[in-house]
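# Survey of secondary and tertiary structure
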Amino acid sequence: MAIIVQKYGGTSVGSLSRIEAVAENIITTVRQGHQVVVVLSAMAGETNRLLAMARQLDATPASRELDMLLSSGEQVSISLLAIALVQRGISAISLLAHQVGIQTDNRFGAARIQSIDTKRLTQALSQEQVIVVAGFQGQDVEHNVTTLGRGGSDTSAVALAVALKAAEAQIFTDVDGVYSADPRIVEKAQRIASLSFDEMLVMASLGAKVLQNRAVEYAFRHQMPIRVLSSFSQGEGTLVLPKSQALAESQSNNPVSSVVHDQQQALICLTDVADNAVSSIFDCLEKANVELDMVQLVGESSLAKQLLFTLNRDKLEYARNALQEITMFNKFGTIRSRESVAKISAVGIGLNSHTKVVGKIVALLASAEIDIELISTSEISCSVVIDETNLVQAAQILHSGFGLDSSN
Ligand code: ADP
Ligand code: ASP
Ligand code: MG
C-alpha cells in the first residue's frame, strides 16, 4: 500500500462525464489497495471565464480579489468529484487549500507554497478516505486566499506528494506525456519516455504548458519524481526525474532535444529612452509586479535609445498603466505594445554551441520568410520572438530542421 497523489487538469474534469471517468480511474487505484490524494484544476475554461468577467469590470483587477475569484473554480470541481465518488460507494472528502493547511507567501497571483500541515490529510487517509484537494490555491498568514499562478495545480500536487512522502506525483492531463514539441501543433512530435528535472525545468520555463515551471522546480528541490499521464488513455507516460536516472534511459545524441513555444507573450517598445531613465523604468515595472522576459536596449545615443522587452500577456495592461504614470517625468518618448507575438525556443541540455543553433534557427525561419523580432541565447536554449501568426509553421520547421520528427 502506498500513498498516491494524482492531479487531473481542466480538460480531464471538463464535463460531468469526464468527472465520472476520473472517479472510475481513482476507484481502480483505490481497489489496488492504495491511499489516494487527488488534486484537481477547475473545469476546462472556467478560470478564463472568471478572469474575463473580472476584466470587464477593471482591465487591471485588484490582485487579492482576483485570487478570491479565480480560486472558486476549483471548489466546484472538487466537490463534484467527491459527490461522484460517494455516489459510487467510496468514502471521499473534498478540501480547500486552507482546510489542508497549504500556507503560501502573500504574492497574489504568483504565490509560493511555504508549508503544508499534513495533520488533517493523514487523519483522513487513516480513515480510508479519498481526499480531493483544490489545486492552484493556498492561504497566506493573514488567511487571505492566494493562487499559485496559471497552471498552478501541478505545483499543488507536487507539494502534496512531497509533504506526504509519496513515491511520485502523477499528473494526468489531455496528452499522454511530454513530447519533443507541443503535439497539438507539431504532429510529428515524439513522446519522451524520461527526462531530467533540469531539462523539464528549461522546457516549462520557456513555455511548455504541460507542467507548470514551479511544479518542476519544487520537484527538483525535493527530488520528487513526476509522471505525466493521459487521463483519456492508458500508457507509461513520461517520467521526470533526477539527471542520473533520466540520462541512463536517454538514447538520443541530438544536441537539440525539444522545440518549445510560449504563446502568452506580449512585446513592449519604448522609444527615446535616456540611459539614466532605464533603471527607473525597471523599478516602476517591478513595483507593478511585472516580470520581464527578453530585454533589448538599442541605439547609439545615450539620450534616445529604444528599449524592447517581452512579458506575459496577462501583465500587459498592468505594465502599460505603470509606464504611463512615469511618462510625465519624461523618462521616454512613446510606448508601443503588441499582444500578437510568440516565443519559440530550441532546447538542449547538451548544446555544444548555441551560436551554431541560433544560426540554424535564423536560416530555417528565413527560408520560410518568417521575421525574427528578438533573439536570446543561453547554454541550454536559443529563443526567438516572432509574430504569433507564424507560430505553427515555425514550430514545425524547427522541429523538422533539428532532426526531431518521428519517422511515422
Ligand atoms: P491541464 O489542464 O491538464 O493542466 P494543460 O493545458 O495545462 O493541461 O497542459 C497540457 C497541454 O500542454 C497539452 O494539451 C499540450 O497542448 C501542451 N503542451 C505544450 N508543450 C507540450 C509538450 N512539449 N509536450 C506535451 N504537451 C505539451
Ligand atoms: N485553474 C487554474 C488555471 O487555469 C490552475 C490549473 O489549471 O492548474 O490556471
Ligand atoms: Mg496545466
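Predicted model only: the values in this text are computed from it and were never measured.

### Examining the site of ligand 1
Taken together, the neighbourhood of ligand 1 is formed by 17 residues, with Thr-173, Asp-174, Asp-182, Arg-184 and Lys-209 sitting nearest. The side chain of Asp-174 places a nitrogen or oxygen atom 2.8 Å from an oxygen atom of ligand 1. The backbone of Tyr-179 places a nitrogen or oxygen atom 2.9 Å from a nitrogen atom of ligand 1. Here ligand 1 loses 89% of its free accessible area of 570 Å² to cover by the protein chains.

### Looking at the nonpolar core
Core analysis: the largest hydrophobic core is formed by 48 residues, its most contacted members being Val-158 and Met-200. For Met-200, the residues in contact, after removing those within four places along its chain, are Val-178, Leu-195, Val-210, Leu-211, Val-216 and Val-240. Counting residues in hydrophobic clusters, the runner-up holds 28 residues, among them Leu-50, Ala-274, Leu-316 and Ile-326.

### Some words on the site of ligand 2
Taken together, Ser-41, Ala-42, Thr-47, Glu-74, Phe-136, Arg-150, Gly-151, Gly-152 and Ser-153 make up all the residues around ligand 2. Contact distances for ligand 2 include 2.9 Å between an oxygen atom and a backbone N or O atom of Gly-151. Gly-152 places a main-chain nitrogen or oxygen 3.4 Å from an oxygen atom of ligand 2. A class-by-class count of the residues in the shell around ligand 2 yields 2 nonpolar, 5 polar and 2 charged.

### What about the sheet that holds strand β17 (residues 374-377)?
One open sheet holds the 6 strands; their spatial order is β14-β15-β13-β16-β18-β17, and the pairing between them is antiparallel. Because the sheet does not close on itself, it has two edges, and the strands there are β14 (292-298) and β17. Shown here is a sheet whose adjacent strand axes are inclined to one another by a mean of 25 degrees, direction ignored. Pairing geometry for strand β16 (residues 335-347) and strand β18 (residues 381-387), over 7 bridges, is antiparallel. Bridging from a neighbouring strand, Ala-342 pairs with Ile-386 of β18.

### Quick word on the UniProt feature "binding site: ATP" (unreviewed entry) in the protein
Per the UniProt entry, the sites bearing "binding site: ATP" (unreviewed entry) are Lys-7, Tyr-8, Gly-9, Gly-10, Thr-173, Asp-174, Tyr-179, Arg-184, Lys-209 and Val-210 in this numbering. Its location among the elements puts Lys-7 in strand β1 (residues 3-8). In this structure Lys-7 comes out as buried when scored by relative accessible area, which is 7%. Setting aside chain neighbours within four positions, we find Lys-7 in contact with Val-39, Ser-41, Ser-153, Asp-154, Ala-157, Gln-170, Ile-171 and Phe-172. Checked against the element boundaries, Lys-209 lands in the loop between α8 (197-205) and α9 (213-222). What makes Lys-209 exposed here is its relative accessible area of 79%.

### Observations regarding the pairing of β18
Taken across its 7 residues, β18 has 6 buried, putting it largely inside the fold. One ladder, built from 4 bridges, connects β17 with β18; its direction is antiparallel. From the neighbouring strand, Thr-377 faces β18, where its bridge partner is Cys-382. The hairpin formed by β17 and β18 contains 3 residues between the paired strands.

### Some points on the packing of aromatic side chains
Given two aromatic rings, their pairing is described by the distance between the two centres and the angle made by the two planes. Summed over the entire model, instances satisfying the criterion amount to 2 aromatic pairs. Taking the centre distance of 4.8 Å and the plane angle of 15 degrees together, the rings of Tyr-8 and Phe-172 count as stacked. With Tyr-8 in strand β1 and Phe-172 in strand β9 (residues 169-173), this residue pair connects regions lying 164 residues apart in the sequence. Seen from their ring centres, Phe-197 and Phe-220 are 5.6 Å apart, and the 25 degrees between their planes marks the pair as stacked. One end of the pair, Phe-197, is in helix α8; the other, Phe-220, is in helix α9, and 23 residues separate them in sequence. For Phe-197, a relative accessible area of 0% gives the class buried. Judged by its relative accessible area of 31%, Phe-220 is partly exposed. Sitting over the face of the ring of Phe-232, Arg-18 holds its NZ or CZ atom 3.8 Å from the ring centroid. The ring of Tyr-318 carries Lys-315 above its face, with NZ or CZ at 4.8 Å from the centroid.

How each quantity is defined
Residues numbered from 1 in each chain as written. Chains lettered and ligands numbered in written order. Predicted model: local features only at pLDDT ≥ 70, side-chain atom pairs only at ≥ 80, totals over all residues. Heavy atoms only, no water. Near = heavy atom within 4 Å. Polar contact = N/O pair within 3.5 Å; in protein donor to acceptor, adjacent residues only side chain to side chain. Areas by Shrake-Rupley, 256 points an atom, 1.4 Å probe, with all protein chains shown as cover. Core = buried A, V, L, I, M, F, W, Y, C linked by side-chain atoms within 4.5 Å. Buried < 20%, exposed > 50% of the residue type's maximum accessible area, 1.4 Å probe, protein only. Contact = heavy atoms within 4.5 Å. Nonpolar A, V, L, I, M, F, W, Y, C, P; charged D, E, K, R; others polar. Pairing = 2+ DSSP bridges. Helix = DSSP H or I, 4+ residues; strand = E, 2+ residues; numbered from the N terminus. Axes fitted to C-alpha atoms, helices over the stretch in contact; angles between N-to-C directions. UniProt positions renumbered as here; feature names shortened; annotations may be inferred. Phe/Tyr/Trp six-rings, centres within 6.5 Å; stacked < 30°, edge-to-face > 60°. Lys NZ or Arg CZ within 6 Å of the ring centre and 35° of its normal.

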